[in-house]
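# Residue-level structural notes
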There are 2 protein chains.
Amino acid sequence: MNNLGHNYKPVLEHIMRGEVEKKLHGLQVLPVRREIAHEVISLAYGFFTPVSGFMGRDEVDTTLSRMELPDGTLWSIPIVLDVKREEVKRLGLKPGDSVLLEYLGAPLATLDIDEFFSYDLGKMAEMTYGTRDVKHPGVKRTMEYSGDFVAGRINLVNEPVFNEPFSEFWKTPLQHREAFAMKNWKNVVAHQTRNVPHTGHESLMKQAWFAANEDMPVDEIHTGVLVNAIIGEKRTGDYIDEAILLGQDALRKGGYFKDNVHMVTFTLWDMRYAGPREAIFHAILRTNLGCTHHMFGRDHAGVGNFYKPYDAQDMLKAERDKLRIKPVFLRENWYCPVCNEVTNEALCSHESQSQNFSGTLIRSILTDGVKPTKRVMRPEVFDVVMSSAEKYGFGSPFVTNEYLKSRQPVFNLKKMEVFAS
Amino acid sequence: MNNLGHNYKPVLEHIMRGEVEKKLHGLQVLPVRREIAHEVISLAYGFFTPVSGFMGRDEVDTTLSRMELPDGTLWSIPIVLDVKREEVKRLGLKPGDSVLLEYLGAPLATLDIDEFFSYDLGKMAEMTYGTRDVKHPGVKRTMEYSGDFVAGRINLVNEPVFNEPFSEFWKTPLQHREAFAMKNWKNVVAHQTRNVPHTGHESLMKQAWFAANEDMPVDEIHTGVLVNAIIGEKRTGDYIDEAILLGQDALRKGGYFKDNVHMVTFTLWDMRYAGPREAIFHAILRTNLGCTHHMFGRDHAGVGNFYKPYDAQDMLKAERDKLRIKPVFLRENWYCPVCNEVTNEALCSHESQSQNFSGTLIRSILTDGVKPTKRVMRPEVFDVVMSSAEKYGFGSPFVTNEYLKSRQPVFNLKKMEVFAS
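The next point concerns the overall build of chain A. When helices and strands are tallied, chain A shows 16 helices and 16 strands. A globule of 421 residues ought to have a C-alpha radius of gyration of about 22 Å, and chain A, at 22 Å, matches this closely. Considering only C-alpha atoms, chain A reaches an extent of 70 × 45 × 45 Å along its principal axes. For chain A, with 421 residues in total, the buried portion stands at 49%. Sequence separation of at least 24 residues holds for 74% of the intrachain contacts in chain A that already meet a minimum separation of 6.

Encoded structure:
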């Protein structure tokens, strides 16, 4: 069960500032946008192991056609860096060259160029998402690529410095594994989230804890829940990142989970809403963090009506032999006034009296700054969401245009000499 | 995981009344007491597979010294039939003979005698229970054996006819497996009980359901909880058998468990309170019923202070490789007014405010016929316990001397021609 020590291989090379800066002198500079910068960082720290750089044509081909890397390893989502032809031409880049990726005006990483290639975006979208409909946000994202890509290995040269409250929750894959070992966790069940937790979510995590703990003796705690939030592209109406992290953490701080069974961290990743293929990606991601189990509920990583409620679970079942993490399949919880508890349709017969957790309803309550009943949201979670709204959200716990424009950045990059010279 | 089809081999031969009765003519008759009759029935139906008869000296020896049968199969409790020397002599019994075991004035089973042997009762008690202290009820039971034993295979010749409400809950091991298959259960977690359920028990069962369900997809229900009550020797102050079965069943009838995740049955067995060794026995017993998982909580099958709270769990851990069932280890639940739910010390930090479920307190409330708060006992459970008290318990849900003396029997045996002639 315990797969600590799995194929983790950090690709971040030790940064010796002087040498690096010397090496960086003379490299061409390719500025990258936020979404690419996030993937550079995740690639570099090993979140996407065994993928350690932006993919070439063969890797994209097998990812799309067989849902695996050329060597047969399970992989579901293309990780690609699109470029503009004229920029490549202007910089005179060719395979074998290294180029410095720049973000926020600071050096971020070097890319050792293996290959340039073009790819049919419609095909890429359809095979990743099962549709070419640009109403699907993942399709839209794909169709916005230039169609020309550069492939190669990444070396981070400038570690991101996370701003609070993110700094408190940032852990590399190696640091995740070290933290699990410190806590003496043998089993760790991952909870994928982009939400402030309601009591239905909390109950799902507790159910999953019992599932992941099932072969553990009780004399000590050997099982934990890792709440690993996805931090990346935001859309208006989403919970603000700060409220998600602090709200999840409030469950432990409020005592609903003990210190030694619960941890909140995040991964830099833009949700693709790829449903089944994104579920596979999440499974691989959390395997890399050292998790042994992963929760998958209804509509995992789906959007609109593009996937059926349990498509992701079906895909995970089909690929079970290739997974290195145990999926824990969960149903949607409801609150039952007869059972007087959070339960679900697998256990509870009082369906006619059950009260579903409505994200929309909770959202509208929070929008008005009204405290939901304790049945729905822990008061500690509400309090921290509201203080996050004040502190980070321009008064709102939900993403507004103002937040999109003026939020404090998740991380900063140190300015380096190379650019000063 | 699914071990349906495991080494189950029913030892009950098809009863053809005429032939059996012919065969029975001329056999010597050995009357047996209730405790032996119960074991005869359990042996005959395969509850104790692979043990199919009363043990000989070698089997007792290896059971005590190595906790296994002579062939290396895990086994923890001696299953023995003690006899009086003078009776054996009077009946002229010798190895190779068959003898008819009689109970309640009716034929019950034949015993094909393999061996007569004597055994040191103090050694038997100490090695089974870890003590010779006769305050331990198992030791007391052992020390009351005559010290002379007869070993041999059992053939049931007269099937017990269970009285209501027992008839509703009686299933042979084969019928358990058939019922699980009908319900499409692939995983079944056993709950050992001699209790009317409070909400702490209910929550333990739900936690165990999630543990046993952990690798199951959610499109259908493939996991069930089997509440398998132990029906046997009663002591004053115990819950009456009828209240236990009907009270457990009320959880499903009241909708706290759905029809397709919950089943109540019983096994005829006198609790030995052997702690760790009894836990091993329960594991084997429920494997024979077709269960894949078994709940083990604090103080499983212990008594007084003879065992430490998690001795049974430690034994199961030590013998894990030999078990054909997965132990689900659980902590004692508490009710937390802050969490507003049943939780436990592994998850909940509000220990100072937690309210333990006190069997003694619930007992005293029920003794006064007062309805406990819904937090502690479901009203449907309370109602059925109280109606059981009226119908079966001479007004009390707890065993009284009157109940011990005058209760309706659990089962009857048909009178057969052999005794009429």
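Once that is clear, we can look at the relation of the copies chain A and chain B. When chain A is fitted to chain B, the residual RMSD is 0.0 Å, and the transformation amounts to a turn of 180° plus an axial shift of 0.0 Å. The operation mapping one copy onto its partner corresponds to a two-fold rotation axis. It is Ala211(A) whose C-alpha, among those of chain A, lies nearest the rotation axis, at 1.9 Å. Looking at chain A, 100% of its interface residues are interface residues in chain B too, so the copies touch through the same face.

Let us now look at the sheet that holds strand 13 (residues 333-336) of chain B. Residue and element names in this part refer to chain B. With respect to topology, 3 strands assemble into an open sheet ordered 14-13-15, the strand pairing being antiparallel. Each edge of the open sheet carries a strand with a single partner, namely strand 14 (341-344) and strand 15 (355-356). Bridge count for strand 13 against strand 14 is 4 bridges, and the pairing is antiparallel. Across the sheet, the residue bridging to asparagine 333 is asparagine 344, located in strand 14.

In this section: the pairing of strand 5 (residues 106-118) of chain B. Two faces, one strand: in a regular strand the side chains alternate between the faces of the sheet. Residue and element names in this part refer to chain B. Where strand 4 (residues 98-103) and strand 5 come together, 6 bridges link them in antiparallel fashion. By the bridge assignment, leucine 100 is partnered in strand 5 with threonine 110. In this structure, the hairpin formed by strand 4 and strand 5 is closed by a connection of 2 residues, where leucine 104 is found at a positive phi of approximately 55°. Examined bridge by bridge, strand 5 and strand 6 (residues 148-156) share 9 bridges and lie antiparallel to one another. Within the sheet, the bridge partner assigned to serine 118 lies in strand 6 and is aspartate 148.

Another aspect to go through is the interface of chain A and chain B. Of the residues lining the interface, 36 residues belong to chain A; the matching set on chain B comes to 36 residues. When contributions to the side of chain A that touches chain B are tallied by element, the ones reaching two or more residues are helix 9 (199-212), helix 12 (311-318) and strand 12 (326-329) of chain A. Counting residues per element, the side of chain A that touches chain B draws most heavily on helix 9 of chain A, which supplies 5 residues. The residue inventory of the side of chain A that touches chain B, partitioned by class, reads 19 nonpolar, 7 polar and 10 charged.

To characterise two packed helices, one gives the angle between the axes of the helices and the distance between these axes. With their axes 7 Å apart at the nearest point, helix 9 of chain A and helix 9 (residues 199-212) of chain B run at an angle of 65° to one another. The angle between the axes of helix 9 of chain A and helix 9 of chain B places the two elements in the roughly perpendicular class. Like other packed secondary-structure pairs, helix 9 of chain A and helix 9 of chain B cross with a definite hand, here right-handed. When helix 9 of chain A is examined against helix 9 of chain B, the residues Gln207(A), Phe210(A) and Ala211(A) are found in contact with a partner set consisting of Gln207(B), Phe210(B) and Ala211(B). Here the contact of helix 9 of chain A with helix 9 of chain B is built from residues that sort into 4 nonpolar, 2 polar and no charged.

One turn of the α-helix equals 3.6 residues, which is why residues spaced by three or four share an orientation. Residue and element names in this part refer to chain B. Between its first and last C-alpha atoms helix 11 (residues 276-288) spans 19 Å; for 13 residues at 1.5 Å apiece the expected length is 18 Å, and the two agree. Most of helix 11 sits inside the fold, with 13 of its 13 residues counted as buried. Positive backbone phi, at 100°, marks glycine 290, one or two positions downstream of helix 11.

Our next topic: the sheet that holds strand 11 (residues 293-296) of chain A. Residue and element names in this part refer to chain A. With parallel pairing, 5 strands are arranged side by side in an open sheet as 10-9-8-11-12. Each of the sheet's edge strands pairs with one partner strand only, and the pair in question is strand 10 (262-268) and strand 12. Taking the axes of each pair of neighbouring strands and ignoring which way they run, one obtains an average angle of 30° across the sheet. Inspection of the sheet shows strand 8 (residues 187-193) paired to strand 11 by 2 bridges, in the parallel sense.

All names here are of chain B. Helix 12 (residues 311-318) packs onto helix 11 with a crossing angle of 55° between their chain directions and a minimal axis gap of 8 Å. Our classification of the angle between helix 11 and helix 12 gives oblique. Note on packing geometry: the crossing formed by helix 11 with helix 12 is right-handed. On helix 12, the residues that touch Pro276, Ala279, Ile280 and Ala283 of helix 11 are Asp311, Ala312, Met315 and Leu316. A class-by-class count of the residues in the contact of helix 11 with helix 12 yields 7 nonpolar, no polar and 1 charged.

Residues and elements named next belong to chain A. In terms of burial, strand 6 (residues 148-156) is a largely internal element, 7 of the 9 residues being buried. In this sheet, strand 6 lies alongside strand 2 (residues 53-54) in antiparallel orientation, the contact comprising 2 bridges. Directly across from phenylalanine 54, in strand 6, lies its bridge partner glycine 152. As defined by bridge partners, strand 3 (residues 81-82) adjoins strand 6 across 2 bridges and the pair is classed as antiparallel. From the neighbouring strand, leucine 81 faces strand 6, where its bridge partner is valine 150.

Attention shifts here to helix 12 of chain A. Residues and elements named next belong to chain A. Turning to helix 12, its buried residues are Ala312, Gln313, Met315 and Leu316. Take helix 12 and look down its axis: the buried residues cluster within an arc of 160°, on one side only. The elements touched by buried residues of helix 12 are helix 11 (276-288), strand 11 and strand 12.

Rules used throughout
- Residues numbered from 1 in each chain as written.
- Chains lettered and ligands numbered in written order.
- Predicted model: local features only at pLDDT ≥ 70, side-chain atom pairs only at ≥ 80, totals over all residues.
- Helix = DSSP H or I, 4+ residues; strand = E, 2+ residues; numbered from the N terminus.
- Rg over C-alpha atoms; globule rule 2.2 N^0.38 Å.
- Buried ≥ 20, exposed ≤ 12 C-beta atoms within 10 Å, placed from the backbone.
- Contact = placed C-beta atoms within 7 Å.
- Least-squares fit on C-alpha atoms with pLDDT ≥ 70 in both.
- Pairing = 2+ DSSP bridges.
- Nonpolar A, V, L, I, M, F, W, Y, C, P; charged D, E, K, R; others polar.
- Axes fitted to C-alpha atoms, helices over the stretch in contact; angles between N-to-C directions.
- Parallel < 35°, antiparallel > 145°, perpendicular 65-115°, else oblique.
- Left-handed = near helix turned anticlockwise from the far one by under 90°.
- Expected span 1.5 Å × (residues − 1).
- Arc of directions from axis to C-beta.

The values are spatial; any link to function lies outside them.
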